[in-house]
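Read off the chains here:
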Amino acid sequence: MTGKYDWNAQLVRYADDLVVLPDKPVEKVMEHLKKLLNRLELSMNEEKSRITTAHEGFEFLGFAFRRGYAPRYGKEVTHMYASPRSVKRVIKRITQITSRNRLHESVSTIVKELNASLRGWSEYYRHTASSRRIRKAQFHANRRLRKFIMKKKGSRKNGYRELPEEKLHKDYGLIDVGANRVRYRWTVQQPKESEYPCAV
């Protein structure tokens, strides 16, 4: 979407989701995009589409992007991390795996499923600034597994004394997704043109 229109607009697409990052006011770009879609006999979902700025941020494919000042580098950078909706989904999945309805199953079966969910989800965000969000998911998994084990033993205790994190990882095999994680605080700085609104 460049050249004769006298503006540069980068289009990022995956399946039927896309983001347009222009260097000029986005309204003209949106108008042109709608014409292109019409030629293909396609239409834009107005309810799910919105215009935002890099500073306001946006979500795409489970990632959240937001422009902000980084004191460590003394300049603005683009932060990329797991979106809030993605965090909620993995928390919900962990809760489902450790549901009381599964108390008849072995702890090893539950741990195997927890490890698969935690490993897959955290690897998807491996190269993003998502350490705090990954720790949140890990903490929830630790707490839910601890509660699950105590219930199987017929105890109403929370299990923090009986089942410290080290015991969960070493004795029960629960993965620690933050143990060897590379921690990112920023991504590559974008050019000043990115201050213009983008469409998602």
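A quick note: this is a predicted structure, and the numbers were derived from the prediction, not measured.

So, the overall build of the protein chain
- Assigned secondary structure in the protein chain consists of 5 helices and 7 strands.
- A buried classification covers 40% of the 200 residues belonging to the protein chain.
- On the protein chain, roughly 12900 Å² of surface is accessible, and the fraction owed to carbon and sulfur atoms is 50%.

Overview of a positive patch on the surface
- Side chains of Lys-88, Arg-132, Arg-135 and Lys-136 sit close together on the surface and give a patch of like positive charge.
- Residue contributions to the positive patch peak at 3 residues, all from helix α4 (residues 131-152).
- Mapping Lys-88 onto the fold places it in helix α2 (residues 84-97).
- Overall, Lys-88 belongs to the exposed group, its relative accessible area being 62%.

Looking at the pattern of salt bridges
- Applying the stated criterion across every chain, the model contains 11 salt bridges.
- Taking the shortest distance from any N to any O, the salt bridge between Glu-113 and Arg-102 comes out at 2.6 Å. On the criterion of sequence distance, the pair formed by Glu-113 in helix α3 (residues 107-124) and Arg-102 in the loop between α2 and α3 is long-range, its members being 11 residues apart.
- Here Glu-113 falls in the partly exposed class, since its relative accessible area comes to 24%.
- For the salt bridge of Lys-157 with Glu-162, the shortest nitrogen-to-oxygen distance reads 3.6 Å.
- A residue is classified by how much of its surface remains accessible, and Lys-157, at 54% relative accessible area, is exposed.
- Taken together, the shared-partner salt bridges in this structure form one network comprising Arg-93, Arg-102, Glu-105 and Glu-113.

Conventions adopted
- Position numbers for residues count from 1 along each chain, tracking the sequence in the order it is written.
- Restriction of local features to residues with pLDDT of at least 70 applies here, the model being predicted, together with a cutoff of 80 or more for giving and counting side-chain atom pairs; totals for whole chains, interfaces and linings are based on all residues.
- To obtain the side-chain values, all non-hydrogen atoms of the structure were used and water was disregarded.
- Secondary structure elements are defined from DSSP: runs of H or I of at least 4 residues count as helices, runs of E of at least 2 residues count as strands, and each element is numbered from the N terminus.
- Each residue is assigned to one of three classes by its accessible area relative to the maximum for its type, calculated with a 1.4 Å probe on protein chains only: buried under 20%, partly exposed between the two thresholds, exposed over 50%.
- For accessible areas, the Shrake-Rupley method is used with a probe of radius 1.4 Å. Any residue's cover is judged against the shown protein chains and nothing else.
- Patch membership needs two things, relative accessible area over 30% and no salt bridge, and members are linked within 9 Å if like-charged or within 5 Å if nonpolar (Val, Leu, Ile, Met, Phe, Trp, Tyr).
- We define a salt bridge as a side-chain nitrogen of Lys or Arg found within 4 Å of a carboxyl oxygen belonging to Asp or Glu.
- Neither His nor the chain ends contribute to the count of charged residues, in which Lys and Arg are positive and Asp and Glu negative.
- Think of each charge as sitting on NZ of Lys, CZ of Arg, CG of Asp or CD of Glu.

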